[in-house]
Amino acid sequence: MPSSETCKCILLALAFMAYLMVGAVVFQVFEKVAEDTAKADTEHHTLDFLKNYTCLTKDALDHLVNVITDAVKQGIHPLENATKNTHSNWDISSSFFFAGTVVTTIGYGTLSPRTPAGQIFCVFYALFGIPLNVIFLGQLGKLLSRGCRKLGKYFFKKGMKKEKVKLLTIVFFLVTGIIVFLGIPPLIFTHTESWTYTEGVYYAFVSLSTIGFGDYVVGYGSQPNIPFRGYRALVCLWIIFGLAWLSLLFNLLTSLLKDTKKKIAKDLQKKKGNKKPNPPVVLESLTRSYLSEMEEGVE
C-alpha cells in the first residue's frame, strides 16, 4: 500500500495537472479567435502588397515590415500560410504548453496573450500558479530524495564511507538526469524541429534552467513539424520533471559542499589544538563549536 507521502504527491500532481488544464482551456478560449483573425489579416496584407506595389519603395517596405512585426508579436511566423497550415499556437496542447511556461516562469517570449481578457487572466493565473508549481516541485523532489537515500543506504551497507556514498549518489543522479533530460530529448528535437543536436541540448538546458531566451521553441517556425496533437503538452511535462531533477541535484551539491566545509573546519581546529590559544581564541573556538552544534541540530 502506498505511503502517505506518495498519496500526497499523487493528489498534488492531479491538482497541478488539473490547474494546467484549466489554464490551457481558458487561454484557448481567449486567444484562439484572435489568432485566426491575425493570420487572415497577415495574409491579406501580404497579397495587397504583391498586388499594389510592383516596384519596391521605402513606404512599401516599411508597411511590410510593420505587418511582419505585428505577426511575430502574436506568435505567428511570417511565412505561414493560413490556408495550408492548420497549426495553431492556441490549440489545447499548445495552450497547455503556454500555461506550463507561465507557472514555471520560463516565458520564452515568442507567445503571449494579446487580448485584454487573456492578459488579465494571465496575471492572476501566474499569481496562484507559480506557488503551486513550487509546492509540486518540492513534493516531487521529496520522492526523488527518498530514492536517493535508499541508494545511499545500499552503498553504505556495502561498507563505503559516508563521503564516498554522497559522492556516488550525486554522480548517479547527475549521469541519469543528463541522459534522461539533456541527452535523449535533443535526439527527438533533431527530427521534430530540424535542429542540430547541439541546438537541442542548448534548448533543453535553457528550458530546464528557466532561462527561456525564446530563440528556440518547440513547434514554432514556418513549417512546424508536429508529430501528434499532444506533442507540446508532452514537452511541458518533460520540462516540469526536469526542473524537479535539477532542484534535487542542486540540493545534493549543497549538502556535499556543507560537509566539505565542516571537514575543513575540523581539520583546521585539530591543527590549532596543539598550540595554547589565548583567551580571545578560546572564546572564538567555543563560539564556532556552539554554532556547529546548532547547525547539526537544525539539520
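The chain is annotated in an unreviewed UniProt entry as Potassium channel domain-containing protein from Hymenochirus boettgeri. Note on the chain: under the UniProt heading Subcellular location (unreviewed entry), the record states "Membrane". Recorded in UniProt under Sequence similarities (unreviewed entry), the annotation for the chain is "Belongs to the two pore domain potassium channel (TC 1.A.1.8) family."

Enquirer: So what about the overall build of the chain? Which residues, and what values?
Expert: Counting its secondary structure elements, the chain contains 8 helices and 0 strands. If you list the helices and strands of the chain from N to C, you get α-α-α-α-α-α-α-α. Per-residue burial over the chain gives 35% buried out of 299 residues. Working note: accessible area of the chain is about 18,500 Å², and carbon and sulfur atoms make up 67% of it.

Enquirer: Could you give an account of the packing of aromatic side chains, naming the residues involved and the relevant values?
Expert: The tally for this structure, following the rule as stated, stands at 22 aromatic pairs. Plain terms: the ring middles of Phe-27 and Trp-90 are 6.1 Å apart, the flat faces sit at 35° to each other, and that makes the pair tilted. On the criterion of sequence distance, the pair formed by Phe-27 in helix α1 (residues 4-52) and Trp-90 in the loop between α2 (58-73) and α3 (92-103) is long-range, its members being 63 residues apart. When sorted by exposure, Phe-27 lands in the same class as Trp-90, which is buried. Geometrically, the ring pair formed by Phe-97 and Tyr-108 is stacked, given 5.9 Å between the ring centres and 10° between the ring planes. Here the residue Phe-97 occupies a position in helix α3, and Tyr-108 occupies one in the loop between α3 and α4 (116-157), the gap between them amounting to 11 residues. The burial state of Phe-97 is the same as that of Tyr-108; both residues are buried. Members of the aromatic cluster, joined through ring pairs, are Phe-97, Tyr-108, Phe-189, Trp-195, Tyr-202, Tyr-203, Tyr-216 and Trp-238.

Enquirer: How would you summarise the pattern of salt bridges if you had to cite specific residues and measurements?
Expert: For the structure on display, the rule yields 1 salt bridge. Of the charged contacts, one joins Asp-36 and Lys-32 as a salt bridge, the two residues approaching to 3.1 Å between their closest N and O atoms. One end of the pair is Asp-36 and the other is Lys-32, both in helix α1 and 4 residues apart, which spans about a single turn. For Asp-36, a relative accessible area of 35% corresponds to the partly exposed category. The class of Lys-32 is partly exposed, set by a relative accessible area of 26%.

Enquirer: Lay out helix α5 (residues 162-192) in plain terms, naming residues and giving numbers.
Expert: Given a rise of 1.5 Å per residue, 31 residues ought to cover 45 Å, and the 44 Å separating the end C-alpha atoms of α5 matches this to within 8%. For α5, the principal kink sits at Ile-179 and spans about 35°. Immediately downstream of α5, the backbone of Ser-194 shows phi near 60°, a positive value.

Enquirer: How would you explain the nonpolar core if you had to name every residue and give the values?
Expert: In a soluble, globular protein the nonpolar side chains are often hidden away together inside. If you look at the biggest cluster of nonpolar residues, it comprises 52 residues, and the most contacted ones within it are Phe-97, Tyr-203, Val-235, Trp-238 and Ile-239. Elements with a contribution of two residues or more to this core: α1, α3, α4, α5, α6 (197-208) and α7 (231-273). For this core, the element with the highest residue contribution is α7, accounting for 14 residues. Each residue touching Phe-97, except ones within four places of it in the same chain, is listed here: Tyr-108, Tyr-203, Val-217, Val-218, Arg-232, Val-235, Cys-236 and Ile-239.

Conventions used here
- Residues numbered from 1 in each chain as written.
- Predicted model: local features only at pLDDT ≥ 70, side-chain atom pairs only at ≥ 80, totals over all residues.
- Heavy atoms only, no water.
- UniProt positions renumbered as here; feature names shortened; annotations may be inferred.
- Helix = DSSP H or I, 4+ residues; strand = E, 2+ residues; numbered from the N terminus.
- Buried < 20%, exposed > 50% of the residue type's maximum accessible area, 1.4 Å probe, protein only.
- Areas by Shrake-Rupley, 256 points an atom, 1.4 Å probe, with all protein chains shown as cover.
- Phe/Tyr/Trp six-rings, centres within 6.5 Å; stacked < 30°, edge-to-face > 60°.
- Salt bridge = Lys/Arg side-chain N within 4 Å of Asp/Glu carboxyl O.
- Expected span 1.5 Å × (residues − 1).
- Bend = angle between axes of the 7 residues up to and from the residue.
- Core = buried A, V, L, I, M, F, W, Y, C linked by side-chain atoms within 4.5 Å.
- Contact = heavy atoms within 4.5 Å.

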